[in-house]
Amino acid sequence: MKRFTTSSLPALALLGLVLGGCQPELDQPTASAGSADFSRYIAVGNSLTAGFSDNGLYREGQLNSYPSILAQQFAQVGGGPFVQPLFTEAQSKGSGYVQLLGFTPATATALSSPITGTVAGNGGRSTATSAPYTKFLDPINNLGVPGIRMSDILTPGYGSLAGNPYFERITPDATPLQTYLQRVQATVASIKPTFFTEWLGNNDVLGYATAGGAVASSGITPATTFAVNTSYVLDALTAGGAKGVVATIPDVTNIPFFTAVGPSFRANLDLNKVPTAAPFVYTTGVLAPGQANTRVSTTIASVRDANGTGNLLLTLTASPYVSLYGRPSGKYWRDFYRQATGAAPTGPAFSGFLTAIGVTDTTKGFGQATENPFPSTLVLDGTEQTNVTSATNNFNATLTAAANTRQLAIFDSNAFFRGVAQGGYVTNGVNNTAGFISGNLFSLDGVHPTPRGYAVIANEMMKVINAKYGSSLRQVDANSYRGVLFP
Amino acid sequence: MTVKRLLLAGGALLVGTSAASASGFQVNLNGQKNNGMGGVGVALTLDQAAMFYNPGALAMVRENGVQVGVNAAIARNAFVPESGGGQSSLRNTLVTPANFYAGFGPKEGKWKIGIGAYTPFGSELHYANNWEGRYSLTDINLRAIFAQVTASYAITPQLSVGAGLVMLAYGDVDLQRDVPLSAQSGAPTPHVTLNGKAKQSFGYNAGIYFKPSDQLAVGVSYRSQVDAKIEGGDVRLRDVVYSTGGNFTATQFSATLPLPATASAGIAVMPSEKLTISAEANLVFWNTYRTLDFTFSGNNGYGDRAATPTTPAVTGTPGLLGGSSSSSAKRYYQDALCFRLGAQYKVTDGLTVRAGGFFDQAAVKDGYVTPETPDADRIGLTAGASYEFGKRFGIDASFLFEDFLKRSQTQADLLNNGTTDRVAGTYKTTIAVPGVGLYVKF
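An unreviewed UniProt entry lists chain B under the name Outer membrane protein transport protein, with Hymenobacter monticola as the source organism. You can read under Subcellular location (unreviewed entry) in the UniProt record for chain B the words "Cell outer membrane".

Identification of chain A as SGNH/GDSL hydrolase family protein from Hymenobacter monticola is taken from an unreviewed UniProt entry.

Interfaces are often sized by the accessible area lost when the parts come together. Between chain A and chain B, the contact holds 37 residues from the first and 54 residues from the second. The contact between chain A and chain B buries some 3,700 Å² in all, and 63% of this surface belongs to carbon and sulfur atoms. Applying the counting criterion to the chain A and chain B interface returns one salt bridge. Taking the shortest distance from any N to any O, the salt bridge between aspartate 477 of chain A and arginine 134 of chain B comes out at 3.4 Å. Viewed at the interface, chain B and chain A are joined by nine residue pairs in polar contact (both at pLDDT 80 or more).

For the rest of this paragraph, the subject is the side chain of glutamine 67 of chain B. Residue and element names in this part refer to chain B. If you trace the backbone, glutamine 67 turns up in strand β1 (residues 65–71). A distance of 3.4 Å separates the side chain of glutamine 67 from the side chain of aspartate 47, its partner in a polar contact. The residues contacting glutamine 67, other than those within four sequence positions of it, are Asp47, Gln48, Ala49, Asn99, Phe100, Tyr101, Leu438 and Tyr439.

It is worth spelling out unusual backbone geometry at this point. Even without being glycine, aspartate 54 of chain A reaches a positive phi, approximately 55 degrees. By secondary structure assignment, the location of aspartate 54 of chain A is in the loop between α2 (47–50) and α3 (59–63). Given a relative accessible area of 6%, aspartate 54 of chain A falls into the buried group. Even without being glycine, tyrosine 332 of chain B reaches a positive phi, approximately 45 degrees. Tracing the backbone through its elements, the reader meets tyrosine 332 of chain B in the loop between β18 (326–330) and β19 (336–346). We classify tyrosine 332 of chain B as partly exposed; its relative accessible area is 23%.

This paragraph deals with the pairing of strand β2 (residues 73–81) of chain B. Residue and element names in this part refer to chain B. With nine of nine residues buried, β2 is to be regarded as a mostly interior element. Residue alternation in β2 divides its side chains into two sets, Ala73, Ala75, Asn77, Phe79 and Pro81 and Ile74, Arg76, Ala78 and Val80, and both sets are buried. Both β2 and strand β4 (residues 94–95) contribute to a ladder of two bridges, which runs antiparallel. The residue of β4 that forms the bridge with isoleucine 74 is leucine 94. Alignment of β2 against strand β24 (residues 425–441), held across eight bridges, turns out to be antiparallel. From the neighbouring strand, asparagine 77 faces β24, where its bridge partner is threonine 429. Bridge count between β2 and strand β3 (residues 88–89): two bridges; the pairing is antiparallel.

Conventions and cut-offs
Sequence order sets the numbering: in each chain, residues are counted from 1 along the sequence as written. Ligands are numbered from 1 and chains lettered from A, in the order in which they are written. Given that the model is predicted, a residue must reach a pLDDT of at least 70 before its local features are reported, and side-chain atom pairs must reach 80 or more before they are shown or counted; all residues, however, enter totals for whole chains, interfaces and linings. For the side-chain quantities, the full set of heavy atoms in the structure was used; hydrogens and water were omitted. UniProt positions are given in the numbering used here, feature names are shortened, and annotations may be inferred rather than shown by experiment. In what follows, residue pairs with any heavy atoms lying within 4.5 Å of each other are defined as contacts. As used here, buried area is the combined drop in accessible area, with a 1.4 Å probe, of two parts when they are placed together. We count a salt bridge whenever a side-chain nitrogen from Lys or Arg sits within 4 Å of a carboxyl oxygen from Asp or Glu. Under the rule applied, a polar contact is a pair of N or O atoms within 3.5 Å (in protein, one hydrogen donor and one hydrogen acceptor; residues adjacent in sequence only if both atoms are side-chain atoms). Under the DSSP-based scheme used, a helix requires at least four consecutive residues in state H or I and a strand at least two consecutive residues in state E, with every element numbered from the N terminus. Working definition: with a 1.4 Å probe on protein chains only, accessible area under 20% of the residue-type maximum means buried, over 50% means exposed, and in between means partly exposed. By definition, two strands form a pair when at least two bridges between them are found by DSSP.

Set out below in structure tokens:
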């Protein structure tokens, strides 16, 4: 017994430790570049490429831009340094952005709704004469410029005093009139990229949509312009033989900017026992000072509810005004006047302005009476949605054909965002949706992704890169990137 | 000295936990001698542990006796997410399934009665911090201790029957996961713990043992399902983000976890007095485990908040966890078969050596693997030995090494099954379980 216990038991324990201490190892596919070369990567695009989020461009969003995430994964397979025009730590608030302050308490007659506030940025050129952003003039790999349209890439002086403040920020003082295309060409010539992503074109239709189809200057880019400019930019990018990904543009009618307000407006009316047959009168077409506009008289039932019935989409910018429905209120028109003229909405000038646009009696119920209609700028109606969708499809056909001609990978972001809108997107046990605030993927502006949204986009792009170029890039754990931040 | 220390180890019984070491979260470490023989037992009369494996066989165990045993399960787990991040593993812990049996009866009588306590179900896993599946599960500790009273009767010298009243004497579960919300302040990720004790509940086991000759024995047994019902379990929340507190108001939960029935049949051959070889099959009726449902109740006050200088008073909804008053997760387990083979050889009067192995089929279907039970088909190899002195006292030792086959599930599987509350990837587990026991016969 003694001999047994002294000799065998320690041996057994040792065996247990040896075998038990053996951590199983799983074979992981080695990350590889396949036929692509990721050593020098540049990203071309707009706000989505820059990492715009929460209605602003700020350092956190930049750090979590999809090109930045891609570059980190490329680095595992030979990717080189990737420089973004980051705001400094000291100016980390960038252009300023929106943050969530809380939720209004739900009451018997009103749903809770988010309260947001603005984080002030670092000045930036909000008017032609105000101070510009601090310039970032080192060579950069991320050429994403918030707000840029495909139709803007040939505009001389787009980054000048009167142009785009984000492009101005990265435009060398020596070449103030450089176009975006020239900037791309110059960057290709100096960096000699081996790989690129190109995601331009969203703003060629987004501006029209977010303005409720009501602003002439944000019209949809003509198809021919779009096609010609697409060729220019892709030719520039492939000039040195680089491979890359072309992203299509999503149909924006799926994003929270258009899907959040209508359903909560409808739910609120239900709570207040307002019948769906109640009138809803809105203007359509261009809404501009001095310009008469067309009225559409319909009912509340036309506003799209949470079940997707009704064809009118209300914009996120309608949020402060929907609660005024049915009340004697000229608030929208006063705000509109102030924005359009910069003057206080009083006196004969304001009265004349109202008369000219046909708003004749703001003591009538807002959105209920012809004399005090709901403004076109806050409504994307059926015709306008058709315009958006057909332009999107048209642009995407152009982008796809241009990519195929050049044998590039295609990230069909339209199909991807449609899928998210219909079924959500699961990331490692977490259900994310296209919902506003609750969905994790869209930031507080209802248009641009959160860091998690950008991580998911980067993962989806890596899938198409892997498929096209036989590479095996590793995806990121999207859950490590935040959704909406709650107070 | 050694004996005393081992007895103390046996005292760990009441807090004993178990690693998942049979299909699902069943644990087949219920008799130290059996452990060394691949877990066979239904056709054997090795010792008092027979009351677990086949109460019908207890009457054929010649001596009266008392025994305790304890195992140390050392699990090692690896996980690689489908998306291709790095490998993560467990913050490893040692769990100690244990058992105790005592059997009595008149020396030459036909009756034997027995009492026992053992841990046939359990699981304990602690995943690495920040692993990909942290919003599914970060920690689980599932414990169940059963107590049993048994009566066994030898109808003839060849045939005996027996039955036991089985009680879920102690059960508790502790489940933890992170909540996928982030705070502006950079505060830690909210974390929820569900912790509850099972109500005591009853089941039974029964068996028939038949030994037509000195060279052959067969046995069948059945162990009924026992439901572990938890009512009034604690919901504990950590680091709730203030503005979302209205969705996290619950303080209590209730849930039911079925601990399924098992049917076993086995055969033993004894070609010589020294050698016993036994084979058996177990069928575990896992398909009763369809969904894991939680209902939440209580109000922690988060929903009902008094006004502060900056925020108005809030009247909230009680009993919410993540904005919902209940949750249901699909399990859809399948019945699982296990085949076992084991042998023992009596080397000397004092020393007996054992060896065995088994193949244990996974209860969890493809696309339903959860971090709480990263189940897979398993192969186990065992060895054991007993040393007896003075025909009275003995010590048993056993060792089991269990290898889970690599198990992958894809995001596509999860989407197809509507089981996206878990994480796509590949799991691989191995468990090493040394065990030791003491017995006394009289």
